Amino acid sequence: MSLNHLATRFGCTWPWETLVLTCDGRVVCGCADPYVQRVLGDARTQSMTDIWNGPAIHQLRTDLNGGGSTFCGDCPLKLPLDDDQSPSVRDVETGPTLGRVDFFNYGETFLHKRAVEMCEYIKQHHPQIYLYTSTNGLALDEDRARRLVHSGIDEVTFSVDGATPDSYARYRQRGDFERALANMRAMTDEKRQSERDVPFINWRYILFTWNDSQEEMDTARTLAAEIGVDRLTWEITDHPESAFSRRFAPGTTDHTAIRREIWDDNNLGNAIPGATPRAEIAVSRLPGIPLVGRSGAQLRLRTRVRNLSTRAFPAQASYGRRLVRLGAQLCTAEGQVTNRDHARAWLPDTLEPGQTSDVEIDIPLPDSRGRYRMKFDLVSEGIDWFEDCGSPTTSVPLLVW
């Protein structure tokens, strides 16, 4: 169990990145304040912009720049500092830019009768915002599940912790396994019939002692593929003490075997067989000869990309997220990445499973002469690099004169 809440010297990124709006309109700065103890403002009487730039959060940022704040109390989101470690210092003035809404926490979102309507409102008025929700699926019915697909919401996670009614009910007491699956199935069916690329639909499965057998996990894999969810992932927990999965405790062989399929490990790994993104990238060059170019110039390279997974790599997407592009990362001669977003190239078309595509990419060369390496990987834009879920990369030497 983490003891971060006991730290007296600590940093935190939340006051620079996130506000949490509770159901009564009060605003706190973190997702670990269910009893609303650390209030920054009230949306019933203030705008979110005024709260974001208000005296309470300004003082909190100032305190954190100095290594801690009494405002934080016993918040578990603290990032403890070592005795000889200086706190990160950021500007206390930061302009508000709303990029994402997480529409959940502290209870089941869809118990509110107008929750789907709220999602529609957000995407109609602010289509650029990434809208995400998590649900147990029980407060929805088929009509609302299908309507939610057309709201424009970007991502929906269903929390279903078991592959049979009996194991599911051990944790989700008084839950209805078949209802949860039916609503998940309704969403995937509506998405497929309407030929939409959103929402991205996750099935997240918490592992306990009673649902972590190979047989039951394989049943979940089969069900997920049959229902048509985009992603199945496992959630590792350390509570309740008598129930958490010992088989998949961090550090065990079994944990290592499924690491890329765990929710918190990366944003692309998938427990559905073959669905984790994986690619092979070949760079056209003379064997054993580095890439060579003049400092400050541009180098056009030809690559060949092959899809090694069972899911297509989309070349386009509704909101520009989850489309796949080829990326070039600038590295030192020893391989340390210095610019992960050095260059990008579009796929000419959606790359289907097993297909190969030729992709040209323009590489800006560094202004300083010397030896470098260029690493090539695919990226699901706005989500994650393929390397982070285990896909191989290609690295080639670069000589700049």
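Below is a short write-up of the structure. This is a predicted model, so every value here is computed, not measured. (Residues numbered from 1 in each chain as written. Predicted model: local features only at pLDDT ≥ 70, side-chain atom pairs only at ≥ 80, totals over all residues. Heavy atoms only, no water.)

Focus on the sheet that holds strand 7 (residues 130-135)
For step 1, the next point in the chain: The sheet built from five strands is open, its strands ordered 6-7-8-9-10 with parallel pairing. Sheet topology places strand 6 (100-102) and strand 10 (231-235) at the edges, where each strand pairs with a single neighbour. Along the sheet, successive strands turn relative to each other by an average axial angle of 20 degrees, direction set aside.
For step 2, the next point in the chain: Note: strand 9 (residues 200-206) against strand 10, five bridges, orientation parallel. When the sheet's bridge partners are listed, W203 is paired in strand 10 with L232. (Pairing = 2+ DSSP bridges. Helix = DSSP H or I, 4+ residues; strand = E, 2+ residues; numbered from the N terminus. Axes fitted to C-alpha atoms, helices over the stretch in contact; angles between N-to-C directions.)

Considering the packing of aromatic side chains
For step 1, the next point in the chain: Across all of its chains, the model carries seven aromatic pairs by this definition.
For step 2, the next point in the chain: Ring centres of F208 and W210 lie 4.8 Å apart, and the angle between their planes is 15 degrees; on these two criteria the pair is classed as stacked.
For step 3, the next point in the chain: F208 sits in the buried class, given a relative accessible area of 1%.
For step 4, the next point in the chain: Look at F313 and F386: their rings are 5.1 Å apart centre to centre, the planes differ by 75 degrees, and that puts the pair in the edge-to-face class. Note that F313 is positioned in the loop between strand 13 (298-307) and strand 14 (324-332) and F386 in the loop between strand 18 (384-385) and strand 19 (394-400), a separation of 73 residues in sequence. With respect to class, F313 is no different from F386; both count as buried.
For step 5, the next point in the chain: Taken together through their ring pairs, the aromatic side chains of Y171, F208 and W210 make up a single cluster.
For step 6, the next point in the chain: K123 extends its terminal NZ or CZ atom over the ring of Y319, reaching a point 4.0 Å from the ring centre.
For step 7, the next point in the chain: Between R246 and the ring centre of F244, over which it is positioned, the NZ or CZ distance is 3.9 Å. (Phe/Tyr/Trp six-rings, centres within 6.5 Å; stacked < 30°, edge-to-face > 60°. Buried < 20%, exposed > 50% of the residue type's maximum accessible area, 1.4 Å probe, protein only. Lys NZ or Arg CZ within 6 Å of the ring centre and 35° of its normal.)

Some words on the environment of Y132
For step 1, the next point in the chain: Summarising the element assignment, Y132 is placed in strand 7.
For step 2, the next point in the chain: Residue Y132 is classed as buried on the basis of its relative accessible area, which comes to 5%.
For step 3, the next point in the chain: As for Y132 and T157, which are separated by 25 residues in sequence, their C-alpha atoms are 8.1 Å apart.
For step 4, the next point in the chain: With sequence-adjacent residues up to four places away left out, Y132 is seen in contact with R100, V101, D102, F103, F104, E155, V156, T157, N202, R204 and W263.
For step 5, the next point in the chain: Of note is the side chain of Y132, whose polar atom sits 2.8 Å from the side chain of T157. (Contact = heavy atoms within 4.5 Å. Polar contact = N/O pair within 3.5 Å; in protein donor to acceptor, adjacent residues only side chain to side chain.)

Quick word on the pairing of strand 7
For a regular strand, side-chain orientation follows a simple rule: the groups alternate between the two sheet faces.
For step 1, the next point in the chain: Among the six residues that make up strand 7, six are buried, leaving the element largely enclosed by the rest of the structure.
For step 2, the next point in the chain: Sheet topology places strand 6 next to strand 7; three bridges connect them, and they run parallel. Its bridge partner being in strand 7, V101 is matched across the sheet by L131.
For step 3, the next point in the chain: The handedness of the strand 6 to strand 7 crossover, carried by helix 4 (residues 115-125), is right-handed.
For step 4, the next point in the chain: Here strand 7 runs beside strand 8 (residues 155-159); their pairing, made up of four bridges, is parallel. Each bridged residue has a counterpart across the sheet, and for T135 the counterpart in strand 8 is F158.
For step 5, the next point in the chain: Regarding topology, helix 5 (residues 142-149) serves as the crossover connection from strand 7 to the parallel strand 8, and that connection is right-handed. (Right-handed = clockwise from strand over helix to strand, strands pointing away.)

So, the side chain of E216
For step 1, the next point in the chain: You can see E216 is positioned in helix 8 (residues 214-227).
For step 2, the next point in the chain: This buried residue, E216, is left without a salt bridge; R170 holds the nearest opposite charge, at 8.9 Å.
For step 3, the next point in the chain: In this structure the side chain of E216 is engaged in a polar contact, spanning 2.3 Å, whose partner is the side chain of S167.
For step 4, the next point in the chain: With sequence-adjacent residues up to four places away left out, E216 is seen in contact with G162, A163, T164, S167, Y205, W210 and N211. (Lys, Arg positive; Asp, Glu negative; His and termini not counted. Salt bridge = Lys/Arg side-chain N within 4 Å of Asp/Glu carboxyl O.)

Focus: the packing of helix 4 against helix 5
The geometry of a pair of packed helices is captured by two quantities: the angle between their axes and the separation between those axes.
For step 1, the next point in the chain: Contact geometry of helix 4 with helix 5 gives a least axis separation of 10 Å together with a crossing angle of 10 degrees. The orientation of helix 4 with respect to helix 5, classified from their angle, is roughly parallel. Residues A115, V116, E117, C119 and E120 of helix 4 touch helix 5, and the partners they reach there are R144, R147 and L148.
For step 2, the next point in the chain: Of the residues belonging to the contact of helix 4 with helix 5, the class tally is four nonpolar, no polar and four charged. (Parallel < 35°, antiparallel > 145°, perpendicular 65-115°, else oblique. Nonpolar A, V, L, I, M, F, W, Y, C, P; charged D, E, K, R; others polar.)

Here we look at the nonpolar core
For step 1, the next point in the chain: Grouped together as the largest cluster of nonpolar side chains are 42 residues, with contacts concentrated most on V160, M184, W203, L232 and W234.
For step 2, the next point in the chain: The greatest single-element share of this core, amounting to six residues, is contributed by helix 7 (residues 177-193).
For step 3, the next point in the chain: Filtering out sequence-adjacent residues up to four positions away, L232 remains in contact with W203, Y205, A220, R221, A224, E261, G269, N270, A271 and I272.
For step 4, the next point in the chain: In terms of nonpolar packing, the next biggest core, distinct from the first, is built from 35 residues, L299, L347, L351 and Y372 among them. (Core = buried A, V, L, I, M, F, W, Y, C linked by side-chain atoms within 4.5 Å.)

Concerning the sheet that holds strand 13
For step 1, the next point in the chain: In space, the three strands of this open sheet follow the order 11-13-16, with antiparallel pairing throughout. The strands lining the two open edges of the sheet, one partner per strand, are strand 11 (279-283) and strand 16 (356-364). Averaged over all neighbouring strand pairs, the angle between strand axes comes to 30 degrees, with direction disregarded.
For step 2, the next point in the chain: As defined by bridge partners, strand 13 adjoins strand 16 across nine bridges and the pair is classed as antiparallel. Counterpart to R304 in the pairing with strand 16 is D358.

Concerning the pattern of salt bridges
When the charged atoms of two side chains lie near each other, side chains of opposite charge can form a pair.
For step 1, the next point in the chain: For the coordinates displayed, the defined rule picks out 30 salt bridges.
For step 2, the next point in the chain: A salt bridge links E190 to R146, with the shortest nitrogen-to-oxygen separation between them at 2.7 Å. With a gap of 44 residues between them, E190 in helix 7 and R146 in helix 5 connect regions that are remote in the sequence.
For step 3, the next point in the chain: Judged by relative accessible area, which is 16%, E190 ranks as buried.
For step 4, the next point in the chain: Between E387 and K375 there is a salt bridge, with the nearest N and O atoms lying 3.1 Å from each other. Note that E387 is positioned in the loop between strand 18 and strand 19 and K375 in strand 17 (residues 370-380), a separation of 12 residues in sequence.
For step 5, the next point in the chain: Of the residues examined, K375 reaches a relative accessible area of 12% and is grouped as buried.
For step 6, the next point in the chain: Through salt bridges with shared partners, a single network forms among E142, R146, D189, E190 and R192.

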